Amino acid sequence: MARHDLWDLFKTYFLTRRELSRLLVLALVFAFIVSFRTATHVSSLEEQRAVWVTSFIVVFIVVLIHDLGHHFVAYKRSLEPVLEISYYWLFFSILVMVLSRGYVQLFFGEKMFPKSLRVHRLGHFSYHEGRKDLGYVALAGPFVSMVLGAVCVALSVYFDSSILLPELAKFSFAYALMTFLPLPHLDGLLFFFHSRSGYALIFGAILGFGVFATAGISIFGASVLSIIMAFMFWYVFAFMVEK
């Protein structure tokens, strides 16, 4: 596909009204979950408002970048990403937050499935989307979330007084990990159907990098340790689960 064709598709399908509404709903709910515990320990209304606004900005940026990753790879493979909300998972996330008083934070609610782009005069393609294409589109969201988190961790070294960068990094890693779980409507299940051993490898890398990078280890050190953890997950899955 030519570069100008990809750009035309991107401009045509980027953030429709429905997708924008979905993004705002997810950002509002996730920001409430993120800020719930902190806001309850703040006395003044202005401080509570500042905590929620900061959380909303962080969540909005991460979810937007996550969705753009799906968009770009989907259009690159002549697919249209269908982005919706799984209200069952969203209600479950709110319920867990309330029951745990904010100590357990889940960010389930994304529902993504790519479909073939509509062809002029011909309608949809007669064949179904391949598991390989679906897997790559599903992986794109968590991947760009991890990249965003790594960039924020690297920049926080030079801008140590910034409040947004550490929060962006933490939520980016958390959102990438949770959306990559092999659960219905989440990215992880689509990629799991594409490659089970590949899923174990990538899940170990996402988990390792997120944990080590937020623990204060350098990007290089976190990358090396995450690769080691990835191969540990792959070995356990390949030789103890699949075998």
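Residues numbered from 1 in each chain as written. Predicted model: local features only at pLDDT ≥ 70, side-chain atom pairs only at ≥ 80, totals over all residues. Heavy atoms only, no water.

(A) Region of the structure containing helix 7 (residues 187-194). Taken residue by residue, helix 7 has Asp187, Gly188, Leu190 and Phe191 as its buried positions. Buried residues of helix 7, viewed axially, fall in a sector of 160°; they line one side. (Buried < 20%, exposed > 50% of the residue type's maximum accessible area, 1.4 Å probe, protein only. Helix = DSSP H or I, 4+ residues; strand = E, 2+ residues; numbered from the N terminus. Arc of directions from axis to C-beta.)

(B) Main features of the pattern of salt bridges. Tallying each qualifying case throughout the model produces 4 salt bridges. Ionic pairing is found between Glu84 and Arg18, a salt bridge with its closest N-O pair at 3.3 Å. One end of the pair, Glu84, is in strand 1 (residues 79-85); the other, Arg18, is in helix 2 (residues 17-40), with 66 residues separating them in the sequence. Looking at Arg18, the relative accessible area reads 59%, which means it is exposed. The closest approach of N and O atoms between Lys111 and Glu84, which form a salt bridge, is 3.9 Å. On the criterion of sequence distance, the pair formed by Lys111 in strand 2 (residues 110-116) and Glu84 in strand 1 is long-range, its members being 27 residues apart. A relative accessible area of 29% means that Lys111 is categorised as partly exposed. Here the residues in one salt-bridge network are Arg18, Glu84 and Lys111, joined through shared partners. (Salt bridge = Lys/Arg side-chain N within 4 Å of Asp/Glu carboxyl O.)

(C) Expanded view of the packing of aromatic side chains. Enumeration according to the criterion identifies 17 aromatic pairs in this entry. Note on Trp52 and Phe56: the rings are 5.4 Å apart at their centroids and 15° apart in plane angle, and the pair reads as stacked. Of this pair, Trp52 and Phe56 both sit in helix 3 (residues 45-76), 4 residues apart, roughly one helical turn. Seen from their ring centres, Phe180 and Phe191 are 5.7 Å apart, and the 45° between their planes marks the pair as tilted. Of this pair, Phe180 sits in the loop between helix 6 (164-179) and helix 7 while Phe191 is found in helix 7, placing the two residues 11 residues apart along the sequence. Phe191 matches Phe180 in its accessibility class, with the two residues each being buried. Chaining the aromatic ring pairs together yields one cluster made of Phe180, Phe191, Phe192, Tyr199, Phe203 and Phe233. (Phe/Tyr/Trp six-rings, centres within 6.5 Å; stacked < 30°, edge-to-face > 60°.)

(D) Representation of the nonpolar core within the structure. In terms of nonpolar packing, the biggest core is built from 45 residues, with Phe30, Val59, Val63, Phe107 and Phe171 touching the most fellow members. Among the nonpolar cores identified, the runner-up in size contains 7 residues, and Leu83, Met112, Ala138 and Leu190 belong to it. (Core = buried A, V, L, I, M, F, W, Y, C linked by side-chain atoms within 4.5 Å.)

(E) Quick look at the layout of surface pockets. Size it by volume and the largest pocket reaches roughly 320 Å³. As for the largest pocket, its lining consists of 15 residues, of which Val34, Gln105, Glu167, Lys170 and Phe171 are closest to the centre. For the lining of the largest pocket, the secondary-structure elements that each account for two or more residues are helix 2, helix 3 and helix 6. With 5 residues, the top contributor of residues to the lining of the largest pocket is helix 6. Classifying every residue of the lining of the largest pocket gives 8 nonpolar, 5 polar and 2 charged. Computed from the structure, the second largest pocket encloses a volume of approximately 250 Å³. Considering the residues around the second largest pocket, the lining is formed by Leu139, Phe143, Met146, Val147, Ala150, Ile202, Ala205, Ile206, Phe209, Ser223, Ser226 and Ile227. Residue assignment for the lining of the second largest pocket shows that the elements contributing at least two residues are helix 5 (131-158), helix 8 (196-214) and helix 9 (219-241). (1 Å grid on protein atoms, 1.4 Å probe; cavity = no way out; pocket = protein on both sides within 12 Å on 5 of 7 lines; lining within 4 Å. Points joined across faces, edges and corners; volume = space filled by probe spheres on them. Nonpolar A, V, L, I, M, F, W, Y, C, P; charged D, E, K, R; others polar.)

(F) Structural detail: a nonpolar patch on the surface. The grouping of Ile227, Phe231, Trp234, Tyr235, Val236, Phe239, Met240 and Val241 at the surface amounts to a nonpolar patch, some 800 Å² of accessible area in total. The topology assignment puts Val236 in helix 9. On the basis of relative accessibility, which here comes to 39%, the residue Val236 falls in the partly exposed class. (Patch = residues over 30% accessible without salt bridge, like charges linked within 9 Å, V, L, I, M, F, W, Y side chains within 5 Å. Areas by Shrake-Rupley, 256 points an atom, 1.4 Å probe, with all protein chains shown as cover.)

(G) Region of interest: the environment of Ile228. Tracing the backbone through its elements, the reader meets Ile228 in helix 9. Classification of Ile228 by relative accessible area gives partly exposed; the value is 46%. Sequence separation between Ile228 and Leu201 is 27 residues; the distance between their C-alpha atoms is 9.9 Å.

(H) Geometry of helix 2. The terminal C-alpha atoms of helix 2 lie 33 Å apart, and with 24 residues this matches the ideal 34 Å at 1.5 Å per residue to within 8%. A bend of about 40° at Val34 is the largest found in helix 2. For helix 2, the complete set of buried residues consists of Glu19, Arg22, Leu23, Leu26, Ala27, Val29, Phe30, Ala31, Ile33, Val34, Ser35 and Ala39. (Expected span 1.5 Å × (residues − 1). Bend = angle between axes of the 7 residues up to and from the residue.)

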